[in-house]
Amino acid sequence: MQVAQSRARVHATEVIDRREPAGGVVVIGLRASALAAATRPGQYVMAVPAAGETPAVALGIYEAEEERVSLLFFIAGKRTRELAMLRPGDALSLLGPLGNGFDLRASDRDVGIVAGGVGIASVLLPALELLRQGARVRLFYGARTAALLVERERFERAGCETILTTDDGTAGSRGFVTEALANAQMPKLLLACGPTPMLRSTAEIALRHDVRAQLALEENFACGVGGCWGCVVPITGASAQAPPFPPTPNGVVYARICREGPVFRADELRW
Amino acid sequence: MQVAQSRARVHATEVIDRREPAGGVVVIGLRASALAAATRPGQYVMAVPAAGETPAVALGIYEAEEERVSLLFFIAGKRTRELAMLRPGDALSLLGPLGNGFDLRASDRDVGIVAGGVGIASVLLPALELLRQGARVRLFYGARTAALLVERERFERAGCETILTTDDGTAGSRGFVTEALANAQMPKLLLACGPTPMLRSTAEIALRHDVRAQLALEENFACGVGGCWGCVVPITGASAQAPPFPPTPNGVVYARICREGPVFRADELRW
Amino acid sequence: MVERGVDLGVDIGGLRLRYPTLMGSGCYGSGEEFAAFADLSKVGGIVLKSVTRLPRSGNPMPRLVNTSAGLLNAIGLQNPGIDWYLEHEVEKFAQRPCKIVGSVAGFSVADYAYVCERLAARLEIAAIELNISCPNVASEGETFACDPRLTAEVVRAARGVTKKTLIVKLSPNVTDIAAVAREAEAAGADALAVINTVRGMGIDVERWRPRLGNVAGGLSGPAIRPIAVLAVYEVARAVAIPIVGQGGIETLSDALEFFLAGASAVGIGTANFTDPRIPERIADGLAEYLAKRGLRSISEIVGKANLGFASAHEYEGDAG
Amino acid sequence: MVERGVDLGVDIGGLRLRYPTLMGSGCYGSGEEFAAFADLSKVGGIVLKSVTRLPRSGNPMPRLVNTSAGLLNAIGLQNPGIDWYLEHEVEKFAQRPCKIVGSVAGFSVADYAYVCERLAARLEIAAIELNISCPNVASEGETFACDPRLTAEVVRAARGVTKKTLIVKLSPNVTDIAAVAREAEAAGADALAVINTVRGMGIDVERWRPRLGNVAGGLSGPAIRPIAVLAVYEVARAVAIPIVGQGGIETLSDALEFFLAGASAVGIGTANFTDPRIPERIADGLAEYLAKRGLRSISEIVGKANLGFASAHEYEGDAG
Ligand SMILES: Cc1cc2nc3c(=O)[nH]c(=O)nc-3n(C[C@H](O)[C@H](O)[C@H](O)COP(=O)(O)OP(=O)(O)OC[C@H]3O[C@@H](n4cnc5c(N)ncnc54)[C@H](O)[C@@H]3O)c2cc1C
Ligand SMILES: Cc1cc2nc3c(=O)[nH]c(=O)nc-3n(C[C@H](O)[C@H](O)[C@H](O)COP(=O)(O)OP(=O)(O)OC[C@H]3O[C@@H](n4cnc5c(N)ncnc54)[C@H](O)[C@@H]3O)c2cc1C
Ligand SMILES: Cc1cc2nc3c(=O)[nH]c(=O)nc-3n(C[C@H](O)[C@H](O)[C@H](O)COP(=O)(O)O)c2cc1C
Ligand SMILES: Cc1cc2nc3c(=O)[nH]c(=O)nc-3n(C[C@H](O)[C@H](O)[C@H](O)COP(=O)(O)O)c2cc1C
Ligand code: FES
Ligand code: FES
C-alpha cells in the first residue's frame, strides 16, 4: 500500500463500450492505454463531470487491460446519473490512477475477498492478479438482492470461488456477507471493499482470527488527490501510511483516504 | 390581445418527433391535442425542466394542429440544452397556452410579419391564420447568417412572400431586417417578434407610417404566469392591457409581458 | 388535512393551516395566477406580494437573472399601494380555498403600522407577514431586518395594531440571525419566516454592466438552501415561537431538512417557477413519509435534527 | 506573463503574480497534490492550507457534503501546527513554479501574531493571508471576521510582525462586509481576499442528523457566486487596496464577473475539485478575451462594471 503516485495524470479517454449488468448499474469501457498500463489493483480515478458545477466522482478501476479501462458504477445521484448518459464515442477525462492499491505478494496463497455492493468494482483487478500468481481466491460477495450481485460470473470464470449472500435471500444465503465470512474456514489474507459497516465487521473478524486484512475505504471525496483533507480516517501514527503529521497525544493521525489510502491495514485503523 | 387565460392548464405531453433545422436549432413535435385545440396565434408555453433546479422555459407555440404541437428553439443555455436532449417517447410537461396572442381580424388584408432569430417560432401560427383568411402576408425575416434562416420554406410553402436579410449577407440582403421593412411598400398591419432592438425599430417605422403594429416582446421570465412581476414593460395606463394598477403621475403602468402580453400594441408601449 | 392517517395540519402562532406549506410572498401573485396549474386546496396558504403605503412601480428591468441553481431578483416591491389594494384586490381573496396571509413592507415604522392596521382589519386576510428587508428612511437607509433594534421597533408597532397572527420575515444578510429573531419574539411576533433572499449580484461580461436593473438583488432557489437550513436551525435554538422555513425548497427531501432543522411549516417560492405542482407533491410526499414511519403529525419531526453543535468553541466552519 | 500581447501579471499589494489567479486556501493542499494534473507554472500562486499555533486534528467526519451547485465543508483546520510545519513542510515550497502564500489562522490575537511572524520569516513564503474566520477564545468565541474591531486588532498585530504582503480574507457572514473591509485597510492590510465560504448546513433526512460531523460548515462553489460578486463589488467601492475575488469561479465568464466587479486577481478553490485544468483554462481565456478587445492588461477591466447602485435608497433587493 506504499506506492508513490508519480504515474497519475489527466487522461483524455473515449467511451468504447457500455452495458448495464442490472438496473441502475453501469459498466463503461474506455480507450485509455496509458491509464491501463499504469494501474495497480485497488486504485481509482476521479471522473471529471461534463457539465461542471459538481466535484469529480471517485470510481474504482474495474478492468485495465491493454488499451481498455472500465468503470463499474451504481447510479446514486446527480454525478453518476450524468456519467450513465455517456455513450460510445463520447469523451471522458479521468485523473489517475490514484491512491495506493492493495499490497499483494506471491506468498499470499489463500486469499478471501469481501465485497459488498459497489465494492465489487475495486476487487476484480486484485482477484485477477492473485489468481495469476496461483493463489486460491474466494470471493465473499453480498448485495441487497440477487439482481444486484452483478458480475459474479466474471469472477467465477476467472477462477474465483464465490460465496454469495443477499439481504433478502434471493441468491446465496440470506444475511450479511460478513456472516458468511465468519462461518467459513479463514483465509490467510483478507481484502475488502464495500460499505463501512461491512468493512468494520471484516476488520473485527480478521483481528479476532489474527488474519491480515486490507480494507479499501469509501468516503465522499471532494478533491480526491489529497488537497482538501475532507476524507480522513484515524490511523496509528506508527503506520507507514501516516501522513507527515505529528501524532496526537494518543498516538493517532488522521490520514486522507484518497491519498494515503484508500486501502488501509485493518490493524492500523483507529476508527 | 384581450383574451382570458381560462384555457391554460398543465399538459402532460409526449415527444413524437424531433429535428434540427440548423446547428443549435431544434424543433420538437409533441402529442398534445388539448393544447393544440386551445392555442391561439402568438401564445406560448412554459416548458417544465426535467432535472429541477432551474425555472421553466418560455417557448412560443410554433405549430398547433390536431393532436400535435411543436416548439422551435435555439440552444441558448442550460435549460434549452436540456430540452434539446429530449427524444421521441420522452415526456414533457407544458403549462399553457399562456399570454394573449395577436389580435387578427378578417379586415386585415395586407400584413407584414417581422421576425428576427428565434422570433420565427411565434409567427407561423398568425401567418397561417391570416393566409387562411385570404390576406397577403409578407414575412420580413432576418438572421445572423443564411443557415439560421430556419424554416423559411415552411412559410413560403404556406403562401407567404419572404423578404430575407442576414447580418453577413450570406442570404437575402445584407443588414437588418428592419432596413428591408423600411424600404418596402408599407403593409396595413405589422406583427413582429424578435430581439428588442428589432422590435423598437419596427415600432418606430410603424409609428412613422401610422401603421398598426403588434409586437411580441421577449424577456427572461421566471414564473411566466403573472405571479412575480419580473417581466414588466411600461405601457400607457389607458391601454386595455393595463394591469389593475393605479397609473403613475405620468400615466404609465408597468404591465407583465407574460401575463398582459407578450403581444402589445406599438402605440401603447412607453419603453 | 388528514391523509393516510397523518394530520398535515399545523398551527403557526394561531394561524391554522391544513397543509404545512405557505407559498412565498412575491412568488405567487395573489394565488389566482397559479390557480389553473396548482391545486390551491392542497396548499396551506398563500403569502401575498408585499404591499406598501404608496403605490410603487418597482425597479428598472431586468429584474430577473438565472444563476447556478438559483435566481436573482430585484422586483423592487412593485405594488399598487394599500388604498388601491384594499379597494380592488382584497375582496378576491375571499374565494381562495386556502389561507391568505398579507405581506406588509415599508420605509418607516409608521408605514408598517399604518399598512398593517388597514390590511389586518380585512376579514379576507388571515394573518400578516412583516417583510422587514426594507431600508429605513429615517436612519440613513439601514435595513430594518439588519438591525435588531429597528426590528423590535417595527414589530412592536405592528403588534400594537392587530391581534391577528404576526409573522416576521427575517433576512439572512446579518451577522447573527438568532439575535434578530430573539428581538422579534420579545417584541411580540407570533411566528418567524426564515429566510428572505440572500443579497447577490450578476455581471454581464460582454456589456460590462450589472445584469439587474437595480445592480444588486436577492438570491433564491436551491443554491441558498444550505444557508436557509442553518438559519432555521439556529433560530429554532434561540426562540420558542414557530418558524416557517424557506429558501430553495424544491423536493420532499428539501422540505424535510427544514422541518428537522426546526421549522413548523415551509415556504415555497422559486420552486413554483420550476413546476407549480411541487407544493402538492411535497404535501403528498410528507403524508407518505410520516405514514411509513408510523408518525401522525408534522410536530413529530419538527426540530429532530437539533442536536446542537459539536464543539464548545464551534468553529465557524467556513474556513475548513 | 505576456500571452498574445496581453500581460496577465498583477500586483496584489506588493505581491507580483504572473497570472491573476490564486488557488484558494484549503483547496489546493500545498500544491504538490495537484502538480500531476495542473500546470503550476500557469497559476499565479497557491494559498496554503491555513496553519495554527498548535497542531489540530480537525473536525469529526463527515467533513464534506455536496449541495445544489455547491459544496459544504467543515474540515476544522486540520494542520500540523506551525512548529512541525516550518520544520517539515515549508522547505518543499521553494520548488514551486508559482508564488506561495502562507495562510494563518488562530484563536487569539497573540496566536495570529506568533504564527504570522514565524511563517513570514521564511523565504519560501511570498506573502501572508490572514484567515480571520475563527472564533476568538478571549471574547466568548465571537468570530474575528464578524467584528470590525476584532478584525482591526488582529490585522494590526500581524502588520506589526511582517513587511510582507498581508492579505486579509473576509467572511461574507456579516451584515456589512464593507465596514469590515475598511477596518482591515485602516489597520494595515495590503490586500483583501473576498470571500471565504458562506455558513450553511445539510441534514440527513433518513437519519435525522446533520450531514456534517461539525453540524455547520462553509458553503463554496457556483451556488455562492452571486453573493461573492456583490461582496467584491461593495468592498471595491469601500477600499483602495486590491482585492482577490473568489467564490464559485469555474469558468472564464465567472472570473470576468469578479474582475469587472473590482477584483485585481481571482481565487479558485472548489473548481479544482471539478477539474484541475480550470485555472489554466481561465488564464488562457483571459488572454484571449483581452486580446480580442485590444486590451493589454488585467487592470483595464478591473472594476469596470462598477456603476454604483441605481437608486439613492437602494432597496435591499432581497424582497422583490
Ligand atoms: C475510492 C472510491 C472508489 C469508489 N468507487 C466506486 C465505484 O467503482 N463505483 C461506484 O458506483 N461508486 C464508487 N464510489 C462511490 C462513488 O464515488 C459515489 O457513489 C459517488 O460519489 C456518487 O455521486 P453522485 O453525485 O452520483 O451521488 P451523490 O449525489 O453524491 O449521492 C450519493 C449518496 O448520498 C446520498 N444523499 C444525497 N443527498 C442526501 C440527503 N439530502 N440526505 C441524505 N443522503 C443524501 C444519496 O442518497 C446517495 O446515496 C467510490 C468512492 C470512493 C471514495
Ligand atoms: C414569450 C417568450 C417566448 C419565447 N419563445 C421562444 C421560442 O419559441 N424559441 C426560443 O428559442 N426561445 C424563445 N424564447 C426565449 C427563451 O425563453 C430563452 O432563450 C430561454 O429562456 C433560454 O434559456 P436557457 O436556460 O437555455 O438559457 P439561459 O441560461 O437563460 O441563457 C440565455 C441567455 O443569457 C445569456 N447569459 C447567460 N449567462 C450570462 C452571463 N453571465 N453574462 C451575460 N449573458 C449571459 C446567454 O448567453 C444566453 O444568450 C421566448 C421567450 C419568451 C419570453
Ligand atoms: C421574484 C421574487 C419576488 C419576491 N418578492 C418578495 C416580496 O415581495 N416580499 C417578501 O417578503 N419576499 C419576497 N421574495 C422572497 C420569497 O418570498 C422567499 O422568501 C425567498 O425567495 C426564498 O425562498 P425560495 O428559495 O423558495 O424562493 C421574493 C422572491 C422572489 C424569487
Ligand atoms: C474544502 C475546503 C477547505 C477550505 N479551507 C480553507 C482554509 O483552511 N482557510 C481559508 O482561508 N479558506 C478555506 N476555504 C475557503 C476557500 O479558500 C475559498 O475562499 C472558498 O471556498 C470560496 O471559493 P471557491 O468557491 O472557489 O471554493 C476552504 C474551502 C474548501 C472548499
Ligand atoms: S478528498 Fe480531498 S483530501 Fe481526500
Ligand atoms: S415572469 Fe413572473 S410575472 Fe412575468
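Residues numbered from 1 in each chain as written. Chains lettered and ligands numbered in written order. Predicted model: local features only at pLDDT ≥ 70, side-chain atom pairs only at ≥ 80, totals over all residues. Heavy atoms only, no water.

Undergrad: Help me understand the nonpolar core in this model?
TA: The nonpolar side chains of soluble globular proteins are, as a tendency, buried together. Core analysis: the biggest nonpolar cluster contains 326 residues, and L192 of chain C together with L192 of chain D have the highest contact counts within it. If you tally residues by element for this core, the top one is helix α5 (residues 225–238) of chain C, at ten residues. Setting aside anything within four residues of it in sequence, one finds L192 of chain C in contact with I167, V168, L170, A181, A184, V235, V239, I241, P242, I243 and V244 of chain C. (Core = buried A, V, L, I, M, F, W, Y, C linked by side-chain atoms within 4.5 Å. Buried < 20%, exposed > 50% of the residue type's maximum accessible area, 1.4 Å probe, protein only. Helix = DSSP H or I, 4+ residues; strand = E, 2+ residues; numbered from the N terminus. Contact = heavy atoms within 4.5 Å.)

Undergrad: Please explain the site of ligand 3 as it appears in this structure.
TA: Close contacts around ligand 3 come from 23 residues, with S25, S50, K169, G248 and T270 of chain C the closest. With respect to ligand 3, the chains having nearby residues are chains B, C and D. A distance of 2.8 Å separates an oxygen atom of ligand 3 from a polar side-chain atom of K169 of chain C. Interatomic distance of 2.6 Å between a side-chain N/O atom of T270 of chain C and an oxygen atom of ligand 3. Protein contact buries 100% of the 610 Å² of open area that ligand 3 shows by itself. Among the residues making up the shell around ligand 3, the classes are represented as five nonpolar, 16 polar and two charged. (Near = heavy atom within 4 Å. Polar contact = N/O pair within 3.5 Å; in protein donor to acceptor, adjacent residues only side chain to side chain. Areas by Shrake-Rupley, 256 points an atom, 1.4 Å probe, with all protein chains shown as cover. Nonpolar A, V, L, I, M, F, W, Y, C, P; charged D, E, K, R; others polar.)

Undergrad: Can you help me understand the site of ligand 4 in this one?
TA: What surrounds ligand 4 is a group of 23 residues, the closest being S25, S50, K169, G248 and T270 of chain D. Around ligand 4 the close residues trace back to chains A, C and D. Between an oxygen atom of ligand 4 and a side-chain N or O atom of K49 of chain D, the distance comes to 3.2 Å. Within the side chain of Q246 of chain D, one N or O atom sits 3.0 Å away from an oxygen atom of ligand 4. Protein coverage of the free-state accessible area of ligand 4, which is 610 Å², stands at 100%.

Undergrad: So what exactly am I meant to see when it comes to the sheet that holds strand β11 (residues 173–174) of chain B here?
TA: Across a sheet, strands are paired by hydrogen bonds formed along the backbone, either parallel or antiparallel in direction. Residue and element names in this part refer to chain B. Read across the sheet, seven strands follow the order β11-β10-β9-β8-β12-β13-β16 without closing on themselves; strand pairing throughout is mixed. Strand pairing shows two members of the sheet lacking a second neighbour, β11 and β16 (263–265), which therefore form its edges. Where helix α6 (residues 196–209) meets the sheet, its contacts fall on β8 (110–116), β12 (189–193) and β13 (212–216), and the angle it forms with β12 comes to roughly 170°. (Pairing = 2+ DSSP bridges. Axes fitted to C-alpha atoms, helices over the stretch in contact; angles between N-to-C directions.)

Undergrad: Honestly, the interface of chain C and chain D in this entry has me stumped. Any pointers?
TA: For an interface, size is often stated in terms of accessible area lost upon the parts coming together. Each partner contributes residues to the interface: chain C has 79 residues there, and chain D has 78 residues. Summed over both sides, the interface of chain C with chain D buries roughly 6200 Å², with 61% coming from carbon and sulfur. Our enumeration of links across chain C and chain D arrives at four salt bridges. Here E206 of chain D makes a salt bridge to R293 of chain C, at a shortest N to O gap of 2.9 Å. (Buried area = accessible area lost by both parts, 1.4 Å probe. Salt bridge = Lys/Arg side-chain N within 4 Å of Asp/Glu carboxyl O.)

Undergrad: Explanation requested: the relation of the copies chain C and chain D in the structure shown.
TA: Here two copies of a chain appear, and what relates them is a rotation about an axis with a shift along it. Under the fitted operation, chain C is carried onto chain D by 0.0 Å of movement along the axis and a turn of 180°, and the coordinates agree to an RMSD of 0.0 Å. Between the two chains, the operation in question is that of a two-fold axis. (Least-squares fit on C-alpha atoms with pLDDT ≥ 70 in both.)

Undergrad: Which parts of the structure should I look at to understand the side chain of T165 of chain C?
TA: Residues and elements named next belong to chain C. With respect to the helices and strands, the residue T165 is situated in strand β11 (residues 165–170). Since its relative accessible area comes to 7%, T165 is described here as buried. Separated by 3.0 Å, the side chain of T165 and the backbone oxygen of G13 make a polar contact.

Undergrad: When you look at the domain arrangement of chain A in this model, what are you seeing that I'm missing?
TA: Residues and elements named next belong to chain A. Per the domain assignment, the segments of chain A are domain 1 (9–98) and domain 2 (110–218). Between domain 1 and domain 2, the residue contacts involve 15 residues of the former and 15 residues of the latter. Here domain 1 meets domain 2 over a buried area of about 1300 Å², counting both sides, of which 67% is carbon and sulfur. Contact with domain 2 buries surface across domain 1, with P41, Y62 and F74 losing the most and accounting together for 46% of the total. Taken together, the connections running from domain 1 to domain 2 amount to two salt bridges. Residue R154 is joined to E63 by a salt bridge in which the shortest nitrogen-to-oxygen separation is 3.1 Å. Our enumeration of links across domain 1 and domain 2 arrives at three residue pairs in polar contact (both at pLDDT 80 or more). Of all elements in the fold, only β1 (9–22), β5 (63–65) and β6 (68–74) reach the threshold of two or more residues within the side of domain 1 that touches domain 2. The greatest single-element share of the side of domain 1 that touches domain 2, amounting to three residues, is contributed by β1. Tallied by class, the residues present in the side of domain 1 that touches domain 2 amount to nine nonpolar, four polar and two charged. (Domains from an automatic or database assignment.)

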